[in-house]
Amino acid sequence: MTSTEATQPSFLADPYPTLARLREMAPVSVVDTEGGLPIWVVLRYEDVRAALADPRFGQDVERAHQLAKQRVTGLELGADVVHMLNTDPPDHTRLRRLIQGAFTNRRVAAMRPMVERVARELLDGLAVRAVETPEDVDLVRDFAFPLPMMIVCELLGFPVEDRFDYRRWSTAILTHSELSFAEAMADMTAYLRDLLSRRRERPGEDILSDLLRAGDLGQISERETVAMVYLLLIGGHETTVNLVSTAVLALLRNPDQAAWLRADPARMPGAVEEFLRFESPVRMATLRFTTEPVSVDGVLIPADELVLISLAGANRDPARFPDPDRLLLDRGDAGHLAFGYGIHRCLGALLGKLEAEIAIGGLLARFPGLALAVPEEDLPWRDTLMLRGLESLPVVLGG
Ligand code: HEM
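Residues numbered from 1 in each chain as written. Predicted model: local features only at pLDDT ≥ 70, side-chain atom pairs only at ≥ 80, totals over all residues. Heavy atoms only, no water.

By the naming in an unreviewed UniProt entry, the protein is Cytochrome, taken from Actinophytocola xanthii.

So this is what it looks like as structure tokens:
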């Protein structure tokens with residue numbers, strides 16, 4: 001996979017043949033990515049899981065950027081935003097501890113009524129669209145995006161009316177868009193700093209206020225607080241948007257599976273695990289580097305090499321999941337790595353699954369006649385190596 005290959009429409013629409021080819025060829029491949037930067041890619045299930053749990057794969061973003069710049073001069077990497085997902089212990093441990101209490105089983109279960117309310121409001125909005133503008137219904141814009149975004153705003157204590165700005169910045173940071181990476185980072189950081197200072201004057205019951213209190217106790221710096229909310233805002237919606245929209249597409253492509261799921265709503269939690277395996281919303285874990293030479297399945301990666309760990313490669317590995325390219329909602333295997341593994345395993349996994357269960361279940365129940373409004377090959381996929389998601393999903397909602 002080269003940088004050109006990775007941004008080809010055919011790779012974006014269906015990356016799995018390329019990942020399968022690389023995975024069969026060798027346990028680890030070196031690929032050329034952005035600007036010609038060579039990166040090692042780990043693709044097989046057992047190796048991916050082992051690498052994610054191995055402290056010899058460092059996460060420190062400042063060091064990773066330094067290594068990248070040593071390889072390719074003039075590389076545009078943007079500012080280092082240091083948050084828990086790109087730091088190593090002990091900073092990672094300290095930052096994660098500060099907010100993990102907001103994502104426990106109990107706290108997430110208590111969010112169910114709120115998620116159901118937001119989903120119901122959005123489904124009502126879709127029903128109105130189905131009558132007023134039936135030719136213009138985009139399930140990404142009108143449902144899969146606003147749902148997790150509104151939930152994460154509520155959780156963080158963010159003004160929900162600014163959600164389109166958040167989405168614009170997030171898109172520019174993660175994909176190639178009209179707004180540049182640097183502009184988006186600058187706009188978003190200024191916005192977050194301003195929001196923090198306003199919240200300091202009027203604290204509430206939200207993560208932002210909790211972080212400000214932790215800051216007063218010297219547990220987190222202001223720079224880290226900005227980075228934390230940046231991570232939660234982006235990580236808390238970009239992923240679930242992709243999960244919900246690709247799951248709906250997978251159901252439209254597999255009507256037998258949709259019928260099986262509709263027959264018994266209790267099947268939804270297992271189905272969501274299979275959606276996560278089948279179209280992993282984060283297809284590559286965030287950038288790592290070797291802190292010393294590491295042997296992966298007999299291939300020696302020298303020290304100071306940049307490494308990508310392919311969650312999508314692992315989740316489609318036939319050595320772990322028989323018939324991996326088939327969506328089998330009754331597979332009954334939640335061993336996928338879509339939330340990562342090890343110390344950085346997704347903090348929002350329970351919340352992401354709850355949102356997806358409610359969103360997909362609500363949509364199936366409310367719109368049994370749901371169908372694609374455009375030929376499948378015209379669907380636009382997001383232009384990013386790291387994420388797997390649709391730009392838009394035009395549908396006909398039916399009666
Ligand atoms: C279906 C939805 C989601 C998926 C597939 C997903 C996936 C992931 C993955 C793969 C990682 C680890 C990446 C790595 O190791 O490089 C991660 C980390 C993280 N995710 Fe999620 N995520 C989802 C939803 C959420 C939500 C809803 C939140 C919060 C509101 C969230 C917050 C985080 C945080 C804070 C981390 C960093 C954890 C750490 O570094 O210790 N995620 N997520």
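Enquirer: Looking at this structure, how should I read the overall build of the protein?
Expert: Secondary structure assignment for the protein yields 18 helices and nine strands. At 21 Å, the protein has a C-alpha radius of gyration in line with the 21 Å of a compact globule built from 399 residues. If one aligns the C-alpha atoms of the protein with their principal axes, the spans along those axes are about 60 × 55 × 40 Å. For the protein, buried positions account for 52% of its 399 residues. Entry remark: accessible area of the protein is about 17,300 Å², with carbon and sulfur atoms responsible for 53%. Side chains of the protein give 43 positive and 59 negative charges; the mean places of these two sets differ by 4 Å. (Helix = DSSP H or I, 4+ residues; strand = E, 2+ residues; numbered from the N terminus. Rg over C-alpha atoms; globule rule 2.2 N^0.38 Å. Buried < 20%, exposed > 50% of the residue type's maximum accessible area, 1.4 Å probe, protein only. Areas by Shrake-Rupley, 256 points an atom, 1.4 Å probe, with all protein chains shown as cover. Lys, Arg positive; Asp, Glu negative; His and termini not counted. Charge placed at Lys NZ, Arg CZ, Asp CG, Glu CD.)

Enquirer: Explain the environment of Met-386 to me, please; I cannot follow it from the model alone.
Expert: If you trace the backbone, Met-386 turns up in the loop between β8 (371–372) and β9 (395–396). Sequence separation of Met-386 and Tyr-341 is 45 residues, and the distance between their C-alpha atoms is 16 Å. Beyond its immediate chain neighbours, meaning those up to four positions away, Met-386 contacts Pro-281, Val-282, Arg-283, Met-284, Ala-285, Thr-286 and Leu-308. (Contact = heavy atoms within 4.5 Å.)

Enquirer: Teacher, can you tell me more about the site of the ligand here?
Expert: Looking at the ligand, there are 27 residues lining it, with His-92, Arg-96, Thr-286, Arg-288 and Cys-346 nearest. Here an oxygen atom of the ligand and a side-chain polar atom of Arg-96 are 2.7 Å apart. Elements supplying a minimum of two residues to the shell around the ligand: α6 (91–99) and α14 (222–253). No other element matches the seven residues that α14 contributes to the shell around the ligand. (Near = heavy atom within 4 Å. Polar contact = N/O pair within 3.5 Å; in protein donor to acceptor, adjacent residues only side chain to side chain.)

Enquirer: Would you mind showing me how to read the nonpolar core here?
Expert: The tendency in soluble globular proteins is for nonpolar side chains to be buried side by side. In this structure, Phe-158 and Phe-275 are the most contacted members of the largest nonpolar core, which totals 96 residues. Here this core takes 17 residues from α14, the largest share from any one element. Setting aside residues up to four positions removed in sequence, Phe-158 forms contacts with Cys-153, Tyr-166, Tyr-191, Leu-192, Leu-195, Leu-208, Val-229 and Leu-233. Residues Leu-19, Leu-43, Phe-289 and Leu-306 belong to the second largest nonpolar core, which totals 19 residues. (Core = buried A, V, L, I, M, F, W, Y, C linked by side-chain atoms within 4.5 Å.)

Enquirer: Whenever I open this one, the coordination of the iron atom of the ligand confuses me. Can you help?
Expert: Six octahedral donors at a metal ideally form angles of 90 or 180 degrees, and four tetrahedral donors ideally form angles of 109.5 degrees. What the protein offers the iron atom of the ligand as a donor is a single atom, Cys-346 (SG), at 2.3 Å. As for its placement among the helices and strands, Cys-346 is situated in the loop between α17 (311–315) and α18 (349–366). (Donors = N, O, S within 2.8 Å, 3.2 Å for Na, K, Ca; no water.)

Enquirer: Looking at this structure, how should I read unusual backbone geometry?
Expert: Generally, phi is negative for residues other than glycine and the peptide bonds are trans, each holding for most cases. Cis peptide bonds are those with omega within 30 degrees of zero, and the linkage from Pro-89 to Pro-90 qualifies with 5 degrees. Turning to its location among the elements, Pro-90 is positioned in the loop between α5 (61–71) and α6. With a phi angle near 50 degrees, Asp-323 is a residue other than glycine that sits in the positive phi range. With respect to the element layout, Asp-323 can be found in the loop between α17 and α18. A residue is classified by how much of its surface remains accessible, and Asp-323, at 40% relative accessible area, is partly exposed.

Enquirer: What is the right way to look at the packing of aromatic side chains in this model?
Expert: Two aromatic rings, taken as a pair, are described by how far apart their centres are and by the angle between their planes. For the structure shown, the criterion picks out six aromatic pairs. A centroid spacing of 5.7 Å and a plane angle of 85 degrees characterise the contact between Tyr-45 and Phe-321, whose relative ring orientation is edge-to-face. With Tyr-45 in helix α4 (residues 45–52) and Phe-321 in the loop between α17 and α18, the pair connects residues that are 276 residues apart, well separated along the chain. Like Phe-321, Tyr-45 is buried. Pairing Tyr-166 with Tyr-191 gives two aromatic rings, centres 5.5 Å apart and planes at 70 degrees, and the pair type is edge-to-face. (Phe/Tyr/Trp six-rings, centres within 6.5 Å; stacked < 30°, edge-to-face > 60°.)

Enquirer: Can you help me understand the packing of helix α8 (residues 112–132) against α18 in this one?
Expert: A pair of packed helices can be characterised by two numbers: the angle between their axes and the separation between those axes. Taken N-terminus to C-terminus, the directions of α8 and α18 make an angle of 35 degrees; their axes are 10 Å apart at the nearest point. Here α8 runs over α18; the crossing is right-handed. On α18, the residues that touch Arg-112, Val-115, Glu-116, Ala-119, Arg-120, Leu-123, Asp-124, Leu-126 and Ala-127 of α8 are Leu-354, Glu-355, Glu-357, Ile-358, Gly-362, Leu-363 and Arg-366. Taken together, the residues of the contact of α8 with α18 sort by class into eight nonpolar, one polar and seven charged. (Axes fitted to C-alpha atoms, helices over the stretch in contact; angles between N-to-C directions. Left-handed = near helix turned anticlockwise from the far one by under 90°. Nonpolar A, V, L, I, M, F, W, Y, C, P; charged D, E, K, R; others polar.)

Enquirer: Even after reading the chapter, I still don't get helix α15 (residues 255–262), so can you show me in this structure?
Expert: Residue pairs three or four apart in sequence face the same way in an α-helix, which turns once every 3.6 residues. Residues Gln-257, Ala-258 and Leu-261 constitute the buried set of α15. Seen end-on, α15 carries its buried residues on one side only, within an arc spanning 100 degrees. Residues of α15 that are exposed and angled more than 90 degrees away from the buried face: Pro-255 and Asp-256. As for α15, its buried residues are in contact with α14, α16 (268–278) and α18. (Arc of directions from axis to C-beta.)

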